[in-house]
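These are the residues of each chain, in order.
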Amino acid sequence: MPQIDITHLTKRFGADAPAVDDVSFTVEDGSFTCILGPSGCGKSTLLRMIAGLERASEGEIAVDGTVVDGPRQGLFTPPETRGVGLVFQSYALWPHMTVEDNIAFGLKVQRMSTQARKARVAEMIETLQIGGLERRYPSQLSGGQQQRVALARTLALAPKVLLLDEPLSNLDAALRLHMRAELARLHREFGTTIVFVTHDQWEAMTLATHIAVVSEGRLQQMGTANDIYDRPAHRFVAEFIGNPQINIFEAGSAMARKLGTDMTVAWRPETVTLADVGLPARVRAVLPTGGSWIVELDLPEHRAPLLMSTNRRPDIAPGQAVTIAPPTELHLFDAGGQRHASDPISHPLEALTQP
C-alpha cells in the first residue's frame, strides 16, 4: 500500500481566501488517517485533491514518491489512474442497478472476466455481510445497507488508497457506532491505506491511527488521538477535541493572574476534582448524561462556569459551596493560539490558593 506525501498544498477558488492553505503532512503506508475539522474548513477539498477531482493551485501531492499533482512542474495524474477508491457521503449508488450489479460495475469497466467478477462480488458480499440483498435496488435498502454496498463496490476494485468523505453522517447514532466497528474491522483485514474525512471527533478518535486537525484551511496538528488530546498544539485543537469542551481562562482572568501568566489557560473537565483544600467554588448545576455527570461550577471573578466531568455520581447540589483541588495539568497558549510547552504544565498548590 502506498504512502501519500502532501507538501505545501494550497487550493484557491477565485479571489476568495484559500480553501486549503499551505498544508503539509504524510499519510503513512497502511494507516487509517482522519482529516478532522468543522464544516467549511477545507477537509473535503483536501480529500478531493488527493482523489484527483480537484487540481492544486500550489504545492504537491506524491503517491509512493511519484508526483500526481504538481502545478509548478505541470504534472497531473487523472483520478482514474491513481489507484484510489472514493466513497461519497451520499453513497452515489446507481439507482437502476441491483446491489450485485452496483458492486460489479467497476469490475465490468475494467473488463474483468465474468467468472472472476462473480467471485469478487461474492467475496465482497460476504465481507460486508450483505448477503440476501443481491437482487435489491438502492431504494429498497436502509442507509446502513447502502453504505455497505458503496464500500463493497469500492473495495471490489482493490484500491491502493480508500478515501471516505463523511460516509457515516447520514446514519442514526446506533448504526454509526456499528459501522465504525465495521470500518475498523475492514482496515485490519485489508490493510488498505485509508483517508477518512469527518467533523465528528469521536469517529476520528476511535478509528484513526493518525488525525490531521484542520481549521480555516490550515493544518493545526497532526498526530495520534492521544497526541492531540493530551498535548494540543493549538488552542483551536484544545477546544475542538473533548466533550465536554475544555475550560478556557482568558489572559487577565483571575486564574491567569494567580499563575503569573498573560497567556490563555486551559483545563480539561475530567481533571477537575473536589477536595478539602484548594479553590473556592459554588455549584451552578449538576447534569447527568447517562453513566457520567457534568458539574457546572462558579469561580470568583470568572464569568463562564468551570466544567467538571466525573463517572461517579456527585453528592452535591446546586447552590452548594465546594472546594476544587488545584489542577495538576494545565495547558497554556499564547496570543496567537500556539501551545506554550510540549507537555501539560503542573503548578504548585500555593500558586492557586493564595489570595
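Residues numbered from 1 in each chain as written. Predicted model: local features only at pLDDT ≥ 70, side-chain atom pairs only at ≥ 80, totals over all residues. Heavy atoms only, no water.

A.B. asks: I keep staring at the overall build of the protein chain and nothing clicks. Help me out?
C.D. replies: Helix and strand counts for the protein chain stand at ten helices and 18 strands. Dimensions along the principal axes, computed over C-alpha positions, put the protein chain at roughly 80 × 50 × 35 Å. By residue count, 49% of the 355 residues in the protein chain fall in the buried class. Summarising the internal contacts of the protein chain: among those between residues at least 6 apart in sequence, 63% fall at separations of at least 24. Put simply, the protein chain shows about 16,800 Å² of open surface, and 49% of that area lies on carbon and sulfur atoms. The centroid of the 33 positive side-chain charges in the protein chain is displaced by 6 Å from the centroid of its 40 negative side-chain charges. (Helix = DSSP H or I, 4+ residues; strand = E, 2+ residues; numbered from the N terminus. Buried < 20%, exposed > 50% of the residue type's maximum accessible area, 1.4 Å probe, protein only. Contact = heavy atoms within 4.5 Å. Areas by Shrake-Rupley, 256 points an atom, 1.4 Å probe, with all protein chains shown as cover. Lys, Arg positive; Asp, Glu negative; His and termini not counted. Charge placed at Lys NZ, Arg CZ, Asp CG, Glu CD.)

A.B. asks: In this structure, what is going on with the pairing of strand β14 (residues 274-288)? I would like to understand it.
C.D. replies: If a strand is regular, its side chains alternate between the two faces of the sheet. The pairing of β14 with strand β17 (residues 321-324) spans five bridges and is classified as antiparallel. Of the residues in β17, the one forming a bridge with L274 is I324. The pairing of β14 with strand β15 (residues 293-298) spans six bridges and is classified as antiparallel. Bridge pairing links A285 to E296 in β15. (Pairing = 2+ DSSP bridges.)

A.B. asks: Which parts of the structure should I look at to understand the pattern of salt bridges?
C.D. replies: Pairing is possible between side chains of opposite charge, provided their charged atoms come close. Applying the stated criterion to the full structure yields 13 salt bridges. Among the charged side chains, a salt-bridge network with shared partners connects K11, R48 and E54. (Salt bridge = Lys/Arg side-chain N within 4 Å of Asp/Glu carboxyl O.)

A.B. asks: Honestly, the nonpolar core in this entry has me stumped. Any pointers?
C.D. replies: The nonpolar side chains of a soluble globular protein tend to be buried, and buried together. I103, I130, L151, L164, L183, F196 and I211 are the most contacted members of the largest nonpolar core, which has 43 residues in total. Take this core: its biggest share by element is five residues, from helix α4 (residues 143-155). In this structure I130 touches V99, I103, I125, R148, V149 and A152, once residues within four positions along its chain are discounted. If you look at the next biggest cluster of nonpolar residues, it comprises 25 residues, including A56, L86, A212 and V214. (Core = buried A, V, L, I, M, F, W, Y, C linked by side-chain atoms within 4.5 Å.)

A.B. asks: Just checking my understanding: could you explain the environment of A56 for this structure?
C.D. replies: Residue position: A56 is located in the loop between α1 (43-51) and β4 (58-63). Look at A56 and you get buried, because its relative accessible area is 11%. Measuring from C-alpha to C-alpha, the distance between A56 and R120 comes to 35 Å, with 64 residues separating the pair along the chain. If we ignore the near neighbours within four places in the chain, the residues touching A56 are L9, T10, M49, D69 and P71.

A.B. asks: Looking at this structure, I do not really get the sheet that holds strand β11 (residues 218-223). What am I missing?
C.D. replies: Within a beta sheet, neighbouring strands are joined by backbone hydrogen bonds and run either parallel or antiparallel to one another. The six strands are arranged β7-β8-β9-β3-β10-β11 in an open sheet whose pairing can be described as mixed. Every other strand in the sheet has two partners, leaving β7 (84-87) and β11 as the edge strands with one partner each. Neighbour-to-neighbour, the strand axes of the sheet open up by a mean angle of 15°, direction not taken into account. Note: strand β3 (residues 32-36) against strand β9 (residues 193-198), five bridges, orientation parallel. Each bridged residue has a counterpart across the sheet, and for F32 the counterpart in β9 is I194. Along the sheet, α4 makes contact with β7 and β8 (161-165), crossing β7 at roughly 170°. (Axes fitted to C-alpha atoms, helices over the stretch in contact; angles between N-to-C directions.)

A.B. asks: What should I look at first to understand a nonpolar patch on the surface in this one?
C.D. replies: On the surface, W94, F105 and V109 cluster together to form a nonpolar patch covering roughly 280 Å² of accessible area. Inspection of the secondary structure assignment puts V109 in helix α2 (residues 99-109). (Patch = residues over 30% accessible without salt bridge, like charges linked within 9 Å, V, L, I, M, F, W, Y side chains within 5 Å.)

A.B. asks: How should I be thinking about α2 in this particular structure?
C.D. replies: Side chains that are three or four residues apart share a direction in an α-helix, a result of its 3.6 residues per turn. For α2, the set of buried residues is V99, N102, I103, A104, G106 and L107. Check the buried side of α2 and you find it contacts α3 (114-127) and α4. Looking one or two residues beyond α2, the residue adopting positive phi is R111, at roughly 60°.

A.B. asks: In this structure, what is going on with the packing of α2 against α3? I would like to understand it.
C.D. replies: Relative placement of two packed helices is described by the angle separating their axes and the distance separating the axes. As a packed pair, α2 and α3 sit with axes 10 Å apart at the nearest point and diverge in direction by 130°. The angle between the axes of α2 and α3 places the two elements in the oblique class. Taken as a pair, α2 and α3 cross one another with a handedness that is right-handed. Contacts between α2 and α3 involve E100, I103, A104, L107 and K108 from the first element and R117, R120, V121, M124 and I125 from the second. Its residues assigned to classes, the contact of α2 with α3 shows six nonpolar, no polar and four charged. (Parallel < 35°, antiparallel > 145°, perpendicular 65-115°, else oblique. Left-handed = near helix turned anticlockwise from the far one by under 90°. Nonpolar A, V, L, I, M, F, W, Y, C, P; charged D, E, K, R; others polar.)

A.B. asks: What should I look at first to understand the pairing of β8 in this one?
C.D. replies: Among the five residues that make up β8, five are buried, leaving the element largely enclosed by the rest of the structure. Neither face of β8 is open: one carries V161, L163 and D165, the other L162 and L164, and all of them are buried. Where β8 lies against β9, five bridges are found, and the strand directions are parallel. Residue pairing for β9: V161 is matched across the bridge by T193. This β-α-β element, β8 to helix α5 (residues 173-190) to β9, shows right-handed connectivity. (Right-handed = clockwise from strand over helix to strand, strands pointing away.)

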